[in-house]
Amino acid sequence: EILINTKTGERVEEINEQQALDIAGRYMKDDLEVSGIKKITETGEHHEYRGNLLPAYVISYKTDENLKAYIGATNGEFRSVRHRDWRWFDFLWMTHTMDYEGRDNFNNIILRAFSVLGLITVLSGFLLWYISSPTIRKLSKT
């Protein structure tokens, strides 16, 4: 994808802050007040925008939900919105999948270990039922 200035026909490498605000304005509610805008060029493994196109503009809004919109700087695409409830979901998803780094790999050693432990627990329950069952004892006596 490339960006072209419609007035001059020249190629644009990146959008500026005002263009990012204009793009976000098309997708966000009109009554939201912007508290800041920042261009990010890198994110960590635990950042809420991890794994997405960089650089990007982060537009913060004055809300109780700590609302942020992400706009791709190289393609002008409205990428995502993050808020307090999404962050809670992300945290709970991380604990659910037991992937404390990338949050998307649920085929990790911790989950495998707990799966094996669960399987051992279920099989030991069947074994205990077989050993302690009065019906099985009566059948084995005859």
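This text goes with the structure placed above it.
Residues numbered from 1 in each chain as written. Predicted model: local features only at pLDDT ≥ 70, side-chain atom pairs only at ≥ 80, totals over all residues. Heavy atoms only, no water.

Draft legend 1. Structural view of the pairing of strand 5 (residues 68-72). The element strand 5 is largely enclosed, with a buried count of four among its five residues. Here strand 4 (residues 56-61) folds back onto strand 5, and the loop between the two strands holds six residues, one of which, N66, carries a positive phi near 55°. Where strand 5 meets strand 6 (residues 78-82), four bridges bridge the pair, whose relative direction is antiparallel. Pairing of I71 across the sheet is with F78, part of strand 6. With antiparallel pairing between neighbouring strands as the criterion, strand 5 and strand 6 make up a hairpin whose turn holds five residues, including G76 at a positive phi of roughly 70°. (Buried < 20%, exposed > 50% of the residue type's maximum accessible area, 1.4 Å probe, protein only. Helix = DSSP H or I, 4+ residues; strand = E, 2+ residues; numbered from the N terminus. Pairing = 2+ DSSP bridges.)

Draft legend 2. Seen up close, the pairing of strand 4. Summarising burial for strand 4: six of the six residues are buried, a large majority. Neither face of strand 4 is left uncovered, since the one carrying A56, V58 and S60 and the one carrying Y57, I59 and Y61 both have all their residues buried. Sheet topology note: the strand 3 (residues 34-40)/strand 4 ladder contains six bridges and is antiparallel. Paired with V34 across the two strands is Y61, which belongs to strand 4. Bridging between strand 4 and strand 5 involves five bridges; their strand directions are antiparallel. Opposite Y57, over in strand 5, you have I71 as the bridge partner.

Draft legend 3. Quick peek at the nonpolar core. Grouped together as the largest cluster of nonpolar side chains are 14 residues, with contacts concentrated most on I15, A24, M28, I59, Y61, I71 and F78. Of all the secondary-structure elements, those providing two or more residues to this core are helix 1 (17-27), strand 4 and strand 5. Contacts of I71, omitting those with residues within four sequence positions, involve I15, A20, I23, A24, A56, Y57, I59, G76, E77, F78 and R79. Ranked by size, the runner-up nonpolar core spans five residues in total, among them I40, Y49, A56 and Y70. (Core = buried A, V, L, I, M, F, W, Y, C linked by side-chain atoms within 4.5 Å. Contact = heavy atoms within 4.5 Å.)

Draft legend 4. Examining the sheet that holds strand 6 more closely. An order of 3-4-5-6 is seen for the four strands of this open sheet, with the pairing classed as antiparallel. A strand with exactly one partner marks an edge of an open sheet, and here the two such strands are strand 3 and strand 6. Between one strand and the next, the sheet's axes are offset by a mean angle of 20°, whatever the strand orientation. Across the sheet, helix 1 is in contact with strand 3, strand 4, strand 5 and strand 6; its angle to strand 4 comes to roughly 60°. (Axes fitted to C-alpha atoms, helices over the stretch in contact; angles between N-to-C directions.)

Draft legend 5. Fine view of the pattern of salt bridges. Within the structure shown, the criterion is met by six salt bridges. The shortest N-O distance in the salt bridge between E48 and R87 comes to 2.5 Å. In this pair, E48 sits in the loop between strand 3 and strand 4 while R87 sits in helix 2 (residues 84-97), placing the two residues 39 residues apart along the sequence. On the basis of relative accessibility, which here comes to 14%, the residue E48 falls in the buried class. The residue R79 makes a salt bridge to E77 at a minimum N-O spacing of 3.4 Å. Taking relative accessible area as the criterion, E77 reaches 31% and is therefore assigned partly exposed. (Salt bridge = Lys/Arg side-chain N within 4 Å of Asp/Glu carboxyl O.)

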